[in-house]
Amino acid sequence: MKTEDKQGMKTHTADFDIVVIGGGHAGVEAALAAVRMGRRAAIVTMDPQKLALMSCNPAIGGIGKSQLVKEVDALGGLMGVATDGTGIQFRRLNLSRGPAVWSTRAQADRIGYNAFVVEYVAKQKNLEVIDGVAGEILVDSGRAIGVRLEDGRSVSARAVVVASGTFLGGLIHIGEKHFPAGRIGEQAAYQLSESFRALGFEISRLKTGTPPRLDGRTIDWSVCEIQPGDEPIPFFSSRSRRGSFTQTPCHLTATSEKTREIIDANKHRSPIFSGQITSRGPRYCPSIEDKFHRFADKPKHHIFLEPEGNGTDEVYPNGFSTALPEEVQREAIRTVIGLEGVTVTRPGYAVEYDYCPSHQIKPSLETRRIQGLFFAGQINGTSGYEEAAAQGIMAGINAALYCVNEPAFILDRSEAYIGVMIDDLITRSITEPYRMFTSRAEYRLALREDNARDRLNHHARRLGLISDAESDLFLKLDSDTRVTVALLAKTRVKVADLNRLSSQLKKRDSLTLAELIRQPDLELNELLPVLVRHTDGQRDGMESLERAAIQIRYQGYIDKQQREIDRYKKLEHDRIPSDFVFQSVHGLKTEAREKLSRFRPVSVGQAGRIEGVTPSDMAVLSVYLKRHRETARADK
């Protein structure tokens, strides 16, 4: 519903349950989750035709990140489906290691992905996209009630999700030049930053960057190492129906000694080193000038040449992020092997932006200061499309629950990588862009790619995020997996029939397929073709076969990790009252008091993960909480 104010300007009234600020990966997933749960939502974005536009690398997934994508998909999210529908190359990573770190990565068609999302959003009932720039969070009695746009329009709602990306106070740097922008060629949102300050939020700055883009027609591909996709194609989503297609290869090349000379000679002109930029950038994705500075002993650095899509000749040189002056970028990139005659179509740049340190949010992603206001994505200090989408879907779910006074939906560290990420955000000081890795998850053997639906299907069904029919399809897969486990346990094969594997099993005449799977010297990925051959497995049954093989191979380790999870759960269930006064706990070190008061942990387990809180502090806190509960019971 739209009305007109006294000046004739159109203004949105209280039509919406939820308004989402920002149309990136976080904003889109938040809005879609809300409408799947039956709420009316709006996305406020500067350009409705740029929803989920990939500002940097046109790729989804990777080590640690693909687990987030699979979890978003298990909760009914769009990212996996959109990637499968527009991907131009798919690969599985880390297959020589255990399944805890197996990961999928897809090169996406940058333009196609954006178009897919725009079309998908346009078809959704109860979802409106509003063209505008958010300028102020509207608050009444400590509750968010909507958003005022910079042009004066207002959008009222019962809950607000902020997914502002790099647009919040965005400032782009190219050499000595710098100018306000959230993305090259697009304005930034400065009024919204002032709104957060006025509301009392702590605001700081972070930095990220992107490489120049190249004309692929001017690259000498013959001297680069080709990197083809995997077959069969490892799609992300259980809901995808795309068949096989001809994949577009990526290529690998490297810098030269001449690259180092040019960058070293001009390093002082980079805003990262000149002092023009003072904020921290991503540790694990440094600029090319920072690489040569930090890794001075390395003679060269790999550069991955990744096509931006099938409908363009533009290429993304992954590994060559830079904020050097344009003329230096052109000179330096032409010293990379195969790029001697390359044409630069767009310069690389660095962008600084505002974020709100994440001690200001709850595990639900609702802010502590303002009820009904949720943060998702880079505003919380994270980096990456996948991290943003995962926060977006959780913020959207919890905003939808907030609208009907339902308890928040919270995933803990033992349930999902999403839980690991959010717990990290609310228990640590984020001073550089946060990126997900498998090493961050202490229960990663239980949080594999292949079992995301095992862990989250019941949540998705209960919340209405997926249909009953879709949930039932997973339950059938789960049943098929159990049948396959039994089949592998009783199917016996002759060692002599195992071809080249037989040499590693000289002391056996025969064994069951389950026994074969447990052989420690045989890689699980190498065994899958053998299992298919001896179980008459078809491609449609590959998923249940792989799941069954993982369960058999790692059951002992999985059981051990489950015991660790059970111990962890006990501490997580030891709740700390929301109004608990940590400053009143005698015996806590001053640092512990300050950190606990700042981060406001909701459980004893979470309190123990806060940096600066020692085991002795935890002992004191546990005793005090026990006495506190006994006193409270006595008072009743």
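Just above, that's the structure.
Residues numbered from 1 in each chain as written. Predicted model: local features only at pLDDT ≥ 70, side-chain atom pairs only at ≥ 80, totals over all residues. Heavy atoms only, no water.

Let us look at helix α9 (residues 326-333). Buried within α9 we find V328, Q329, A332 and I333. The arc that holds the buried residues of α9, viewed along the axis, is 120°, so those residues lie on one side. In this structure, the buried side of α9 is in contact with β12 (171-174), β15 (213-215), α6 (257-266) and β20 (344-346). (Buried < 20%, exposed > 50% of the residue type's maximum accessible area, 1.4 Å probe, protein only. Helix = DSSP H or I, 4+ residues; strand = E, 2+ residues; numbered from the N terminus. Arc of directions from axis to C-beta. Contact = heavy atoms within 4.5 Å.)

Our focus in this paragraph is the sheet that holds strand β5 (residues 59-61). With antiparallel pairing, three strands are arranged side by side in an open sheet as β5-β7-β6. Two strands close off the open sheet at either side, each with one partner strand: β5 and β6 (87-93). Each neighbouring strand pair of the sheet contributes to a mean axis angle of 15°, computed without reference to strand direction. Across the face of the sheet, helix α3 (residues 79-86) comes into contact with β5, β6 and β7 (103-108) while running at roughly 115° to β6. (Pairing = 2+ DSSP bridges. Axes fitted to C-alpha atoms, helices over the stretch in contact; angles between N-to-C directions.)

The next point concerns the pattern of salt bridges. Within this structure, the stated rule accounts for 50 salt bridges. Linking E470 and R239 is a salt bridge whose minimum nitrogen-to-oxygen distance equals 3.2 Å. Here R239 lies in the loop between β16 (225-227) and β17 (250-254) and E470 lies in helix α13 (residues 468-490), a separation of 231 residues in the sequence. With relative accessibility at 24%, the residue R239 sits in the partly exposed group. Its salt-bridge partner being E257, residue R260 comes within 3.9 Å of it at the nearest N-O pair. Taken together, the residues span about one helical turn, with R260 and E257 both in helix α6 at a distance of three residues. Overlapping salt bridges, with partners in common, bring together R413, D423, D424, R428, E442, E572 and R609 in one network. (Salt bridge = Lys/Arg side-chain N within 4 Å of Asp/Glu carboxyl O.)

Let us now look at the side chain of N451. As for its placement among the helices and strands, N451 is situated in the loop between α11 (417-427) and α12 (452-463). For N451, a relative accessible area of 9% translates into the label buried. Within polar-contact distance, the side chain of N451 engages the side chain of R455 at 3.0 Å. The contact partners of N451, leaving out residues within four places of it in the chain, are A446 and R547. (Polar contact = N/O pair within 3.5 Å; in protein donor to acceptor, adjacent residues only side chain to side chain.)

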